[in-house]
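The lines below spell out each chain.
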Amino acid sequence: MSIRKIQKEDLARCSEILEKAYSTEPYNEEFNEGMASLYVQQKYKCCFDNSFVVCDESDQVIGFAFVSISAWTDGLQAVIEEVCVDPLFQGKGLGKALILYIHDYLSSKKIKSIMLWAKNDKKLIDFYVSSGYQVADDFCVMFKEVK
Ligand SMILES: CC(C)(COP(=O)(O)OP(=O)(O)OC[C@H]1O[C@@H](n2cnc3c(N)ncnc32)[C@H](O)[C@@H]1OP(=O)(O)O)[C@@H](O)C(=O)NCCC(=O)NCCS
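Residues numbered from 1 in each chain as written. Predicted model: local features only at pLDDT ≥ 70, side-chain atom pairs only at ≥ 80, totals over all residues. Heavy atoms only, no water.

Engineer: Sorry if this is basic, but what is going on with helix H2 (residues 35–47) here?
Structural biologist: Side chains three or four residues apart in an α-helix point the same way, a direct result of the helix having 3.6 residues per turn. Its 13 residues place the ends of H2 18 Å apart at the C-alpha level, agreeing with the 18 Å of an ideal helix rising 1.5 Å per residue. Among the residues making up H2, those that are buried are Ala36, Val40, Lys43, Tyr44 and Cys47. Down the axis of H2, the sector holding all buried residues measures 105°, keeping them to one side. Exposed and facing more than 90 degrees away from the buried side of H2 are Lys45 and Cys46. (Helix = DSSP H or I, 4+ residues; strand = E, 2+ residues; numbered from the N terminus. Expected span 1.5 Å × (residues − 1). Buried < 20%, exposed > 50% of the residue type's maximum accessible area, 1.4 Å probe, protein only. Arc of directions from axis to C-beta.)

In structure tokens, the structure reads:
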């Protein structure tokens, strides 16, 4: 397994992984034609400089993470916009390895804090808590449908 910066050539594979990963529990989401590809292209535009892929021994991309960095009151803050591992390779420590790699990378960039939003699913929350995240008690994610 290796981790490297994402490249434009990786996007087709990332889009495939995204579709597969979100088609299973706890999401069971289905992307309309072209939307997974559009999603990764849009994230790439804003995050390419700070985003990574995980590859297997034959250099096939099997996971990825998009990370954005922006200024905030006392310095820079990062948002993990997406992290995704191909379901065939989940549960083998790759997601954790990718997150820890990102932590080291962000620490080298003197980032003060990291935010992300996650589905309220116990396994997923445990995954982040075991990586040092806390559920914020003073923020929540809000949604509104637009008709
Ligand atoms: C979340 C995700 C990236 C985790 O990647 P992964 O490679 O499966 O995770 P790991 O194998 O590194 O597991 C890390 C820890 O979380 C636990 N864990 C992660 N996913 C789990 C699952 N589906 N079931 C049980 N435990 C799980 C592992 O047991 C492990 O715990 P440990 O550190 O105490 O051993 C992956 O499940 C995924 O792509 N999910 C779909 C997309 C998603 O939810 N992304 C996050 C959006 S916020």
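Continuing now.
Engineer: Teacher, can you tell me more about the packing of aromatic side chains here?
Structural biologist: The geometry of two aromatic rings is summed up by the distance between their centres and the angle between their planes. Using the criterion set out here, one finds seven aromatic pairs in the structure. Ring centres of Tyr44 and Phe48 lie 5.7 Å apart, and the angle between their planes is 40°; on these two criteria the pair is classed as tilted. A relative accessible area of 16% places Tyr44 in the buried class. Judged by relative accessible area, Phe48 falls into the partly exposed class, the value being 41%. Within the aromatic cluster, the residues linked to one another by ring pairs are Phe52, Tyr101 and Tyr105. (Phe/Tyr/Trp six-rings, centres within 6.5 Å; stacked < 30°, edge-to-face > 60°.)

Engineer: Just checking my understanding: could you explain the environment of Val61 for this structure?
Structural biologist: One can find Val61 in strand E3 (residues 61–72). Once the C-alpha coordinates of Val61 and Ile6 are considered, the two residues, 55 residues apart in sequence, prove to be 9.6 Å apart.

Engineer: What is the right way to look at the sheet that holds strand E5 (residues 113–115) in this model?
Structural biologist: Sheets are built from strands paired through backbone hydrogen bonds, the pairs being either parallel or antiparallel. An order of E1-E2-E3-E4-E5 is seen for the five strands of this open sheet, with the pairing classed as mixed. Each edge of the open sheet carries a strand with a single partner, namely strand E1 (2–5) and E5. Across this sheet, the average inter-strand angle for adjacent strands is 25°, counted without regard to direction. Across 10 bridges, the pairing between E3 and strand E4 (residues 75–85) is antiparallel. Bridged to Trp72 within E4 is Gly75. Here H2 sits on the sheet in contact with E3 and E4, set at roughly 45° to E3. Across the face of the sheet, helix H3 (residues 94–108) comes into contact with E1, strand E2 (52–55), E3, E4 and E5 while running at roughly 30° to E3. (Pairing = 2+ DSSP bridges. Axes fitted to C-alpha atoms, helices over the stretch in contact; angles between N-to-C directions. Contact = heavy atoms within 4.5 Å.)

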